[in-house]
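Structural features, examined
Listed below are the residues making up each chain.
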Amino acid sequence: MDLEQGGVPTVSVHTHTFARLVGSVARANGMPTVRQCFVPQPVVGKSPAELRGYIEGDDPITRRPFMQGVLDGLTAPLSDADRTGLSFERSTPRLLPPDSEDTLHRLFLDNNYTDCLPIVLPTEARVAAMLRGTRHAPDEIVGRLRPTSYREFWEFTVEKVAVNAVMAGARPEYLPVILALAASGMTARSSSTTSFATLALVNGPIRREIGMNAGIGVFGPYNHANATIGRAYGLLSQNLQGGSVPGDTYMGSLGNSYNYTAAFAENEEESPWEPYHVQRGFKPEDSTVSVFFGGWYTLAGFGPRDHWEQNFRRALAACEPFIAPMLVLDPLVARGFVARGIETKQQLIDWCARNGRLPAGEYRDNQWVQTLLKPKAVAGIAPYAANFAAADDADVPLFQPEDISIVVAGGATQPAWRMIAGAARGVNTHSIDAWR
Amino acid sequence: MSQQVIVHDPRGYPPRVTGKQLAQRLPNLSGKRLYLVDCLFDNSAAFMAQLRAWLRQHLPDLVTEIIRPRESWVDDPEMRATIAANGDAAILGVGL
């Protein structure tokens, strides 16, 4: 669309699955008639001959010959609508018209305001009570969110966050955590086809103040604060960013159960290592929440035992190379590593970065390595350039140390660990105290 | 009749949308320079190669050039400037 504004006529080609989404993006950018043509999904994995067939075939959306649409898109005269674009205001009211509880529950469900589980209706009284969980003014702007980088940002206030916190069943004392998540700028409802989720890790004194679970069943449905904070993060993300609707503002192929709720606390008391937020430059007495964009894959195992290195090498090789893992270790695992001479989280992170490897041919065959990392290789950026220059059977490193995170959580009932997709690059740890 | 309740709207505040006009279209493609923008998605290079082959076969006096942004998912103003300075039109794909 920037090219069009620069005076260059364009046609954009998409796969047909994205027709509704690209239509809504064009509309939200004030250019609803921008020329878009479609080929069948998928393009990935198709041979040159099959792609030529797409080009010589019909556009699956318009049912006209694909190339006719492309050539018309560049040469057919503009209409009045093309010359003006579309301007409009979209407003959302503070309050909805009065109605019965049953009707309002139905309305919230039908309008995609929920996660399809029952919600608590955000009445004025409940929202006012929730707002007592922070000293910040209800009309203070908290931040902006969007489901992906090519969509427009929506803005929101403290009150709007409180509304979604009520819906999730959260208590007022959880609100500073939920506000910190909302202010992070990281959505928990990415529209990506990769079905991402965003996991939220809480550190510091607030974990105990609000009764979060860092022990037995830390990822399970056994703690009110964990469950409702994670749920509130999801609900506020979808409602404050302009939606998370399949086919329009959500395109995850498989979906992700972490999207229901994925908030947990580090077991700082049982960990032999420094807490995550201290690694990120905060003081132990600070309360923080850290966001990890991922949740796409989860591997699990036990240990460390005598063959832990082989075990970890296999697990790291199974992680998707375009997104590094967050290692969640039960305290028994962390202490086991200390017993084997790994004194700090950083030592284990460095070991993982050195030993997480794949044959270059296998690495390069990954769809998202091709899409996301190959351009960096072409630009000469390390280590991607070397990874793309290596022989097919040469092992290449998958992850940089700064991309790998380690968190100690769990109830010490078993030496269990997980590797969960969880990108942590950049500023991913945010103050909760700032939102008290 | 069941009791009426008032609840908050849970949605955020969307930005105002300002209409933008499309660029003037070309009267025809004869002798023009058309950039084919490979958006770097997996296999989009192969698609653009096939598109270029089709255009060379059917519109032999159209000059085509394949161009790529610096990274996928990231706007590349330098690439856009090149297209605007040297091109008459562009086809972008295959992506979202």
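Residues numbered from 1 in each chain as written. Chains lettered and ligands numbered in written order. Predicted model: local features only at pLDDT ≥ 70, side-chain atom pairs only at ≥ 80, totals over all residues.

1. Thoughts on the overall build of chain B
- Each helix and strand in chain B was counted, giving two helices and four strands.
- Along chain B, helices (α) and strands (β) appear in the sequence β-β-α-β-α-β when read from the amino end.
- Considering only C-alpha atoms, chain B reaches an extent of 75 × 30 × 30 Å along its principal axes.
- Every one of the 96 residues in chain B was classed for burial, and the buried ones make up 36%. (Helix = DSSP H or I, 4+ residues; strand = E, 2+ residues; numbered from the N terminus. Buried ≥ 20, exposed ≤ 12 C-beta atoms within 10 Å, placed from the backbone.)

2. A short note on the domain arrangement of chain A
Residues and elements named next belong to chain A.
- Domain assignment breaks chain A into domain 1 (2-84) and domain 2 (101-356 + 398-435).
- A C-alpha centroid distance of 37 Å is found between domain 1 and domain 2.
- The interface of domain 1 with domain 2 comprises five residues on the first partner and six residues on the second.
- Considered class by class, the residues forming the side of domain 1 that touches domain 2 number three nonpolar, one polar and one charged. (Domains from an automatic or database assignment. Contact = placed C-beta atoms within 7 Å. Nonpolar A, V, L, I, M, F, W, Y, C, P; charged D, E, K, R; others polar.)

3. Overview of the interface of chain A and chain B
- Each partner contributes to the interface: chain A provides 87 residues, whereas chain B provides 54 residues.
- A class-by-class count of the residues in the side of chain A that touches chain B yields 44 nonpolar, 26 polar and 17 charged.
- Two strands pair when backbone bridges link them, and strand β3 (residues 99-100) of chain A and strand β1 (residues 4-5) of chain B are joined in this way by two bridges, in the antiparallel orientation. For S100(A), the partnering residue across the bridge sits in β1(B) and is Q4(B). (Pairing = 2+ DSSP bridges.)

4. Looking at helix α11 (residues 224-240) of chain A
- Compared with the 24 Å implied by 1.5 Å per residue over 17 residues, the 23 Å span of α11(A) between its first and last C-alpha is a close match.
- Following α11(A) by one or two positions, G242(A) has its phi on the positive side, about 100°. (Expected span 1.5 Å × (residues − 1).)

5. With respect to the packing of helix α7 (residues 124-131) of chain A against helix α8 (residues 158-168) of chain A
Residues and elements named next belong to chain A.
- Look at α7 against α8: their axes get within 9 Å of each other, and the N-to-C directions meet at 110°. One finds that α7 runs roughly perpendicular with respect to α8. Crossing hand, α7 versus α8: right-handed. Contacts between α7 and α8 involve R126, V127, M130 and L131 from the first element and E159, A162, V163, A165 and V166 from the second.
- Class assignment of the residues belonging to the contact of α7 with α8 gives a composition of seven nonpolar, no polar and two charged. (Axes fitted to C-alpha atoms, helices over the stretch in contact; angles between N-to-C directions. Parallel < 35°, antiparallel > 145°, perpendicular 65-115°, else oblique. Left-handed = near helix turned anticlockwise from the far one by under 90°.)

6. Regarding the nonpolar core
- A165(A), I178(A) and A200(A) are the most contacted members of the largest nonpolar core, which totals 100 residues.
- Dropping the residues within four chain positions of it, I178(A) is found in contact with V161(A), A165(A), A170(A), I229(A), A232(A), Y233(A) and L236(A).
- Counting 40 residues, the second largest nonpolar core, distinct from the first, contains L3(A), Y35(B), L40(B) and F41(B). (Core = buried A, V, L, I, M, F, W, Y, C linked by C-beta atoms within 7 Å.)

7. Focus on α8(A)
Residue and element names in this part refer to chain A.
- Of all eleven residues in α8, eleven are buried; the element is thus mostly enclosed.
- Taken as a whole, α8 has its buried residues at V158, E159, K160, V161, A162, V163, N164, A165, V166, M167 and A168.
- On its buried face, α8 is in contact with α7, β4 (141-145), β5 (154-157), α9 (175-183) and α11.
- Just past α8, the residue G169 takes up positive phi, approximately 90°.

8. As for the pairing of strand β8 (residues 288-302) of chain A
Residue and element names in this part refer to chain A.
- Direction of pairing for strand β6 (residues 197-203) relative to β8: antiparallel, over a ladder of seven bridges. Within the sheet, the bridge partner assigned to L199 lies in β8 and is F292.
- When β8 meets strand β14 (residues 429-431), the two strands line up antiparallel, connected through three bridges. Across the sheet, S290 pairs through a bridge with T429, a residue of β14.
- Direction of pairing for β8 relative to strand β13 (residues 416-423): antiparallel, over a ladder of seven bridges.

9. Quick look at the pairing of strand β2 (residues 36-39) of chain A
- The side-chain alternation of β2(A) yields two buried faces, one formed by Q36(A) and F38(A) and the other by C37(A) and V39(A).
- Running through helix α2 (residues 19-28) of chain A, the crossover from strand β1 (residues 10-15) of chain A to the neighbouring parallel element β2(A) is right-handed. (Right-handed = clockwise from strand over helix to strand, strands pointing away.)

10. With respect to the environment of Y250(A)
All names here are of chain A.
- Among the structural elements, Y250 can be located in the loop between α11 and β7 (263-265).
- Look at Y250 and you get buried, because 22 C-beta atoms sit within 10 Å.
- Spatially, the C-alpha atom of Y250 lies 7.8 Å from that of R189, the residues being 61 residues apart in sequence.
- The residues touching Y250, leaving out its near neighbours within four places in the chain, are R189, S191, S244 and V245.

11. A short note on the confidence of the model for chain B
- Here chain B averages 93 in pLDDT, while 97% of its residues score no lower than 70.
- Two numbers describe this predicted complex: its pTM, 0.93, and its ipTM, 0.93. (pLDDT = per-residue confidence, 0-100.)

12. Focus: the packing of α8(A) against α9(A)
Residues and elements named next belong to chain A.
- Axis separation between α8 and α9 bottoms out at 10 Å; the angle between their running directions is 115°. Viewed along their axes, α8 and α9 form a crossing whose handedness is right-handed. On α9, the residues touching V158, V161, A162 and A165 of α8 are L175, I178, L179 and A182.
- Here the residues of the contact of α8 with α9 sort into eight nonpolar, no polar and no charged.

13. Topic: unusual backbone geometry
All names here are of chain A.
- Look at the link from Q41 to P42: it is a cis peptide, with omega at 5°.
- By secondary structure assignment, the location of P42 is in the loop between β2 and α3 (48-56).
- Of the consecutive residues G303 and P304, the connecting peptide bond is found in the cis state with omega at 5°.
- By secondary structure assignment, the location of P304 is in the loop between β8 and α13 (308-318).
- Within the chain, R63 stands out as a residue other than glycine whose phi angle is a positive 65°.

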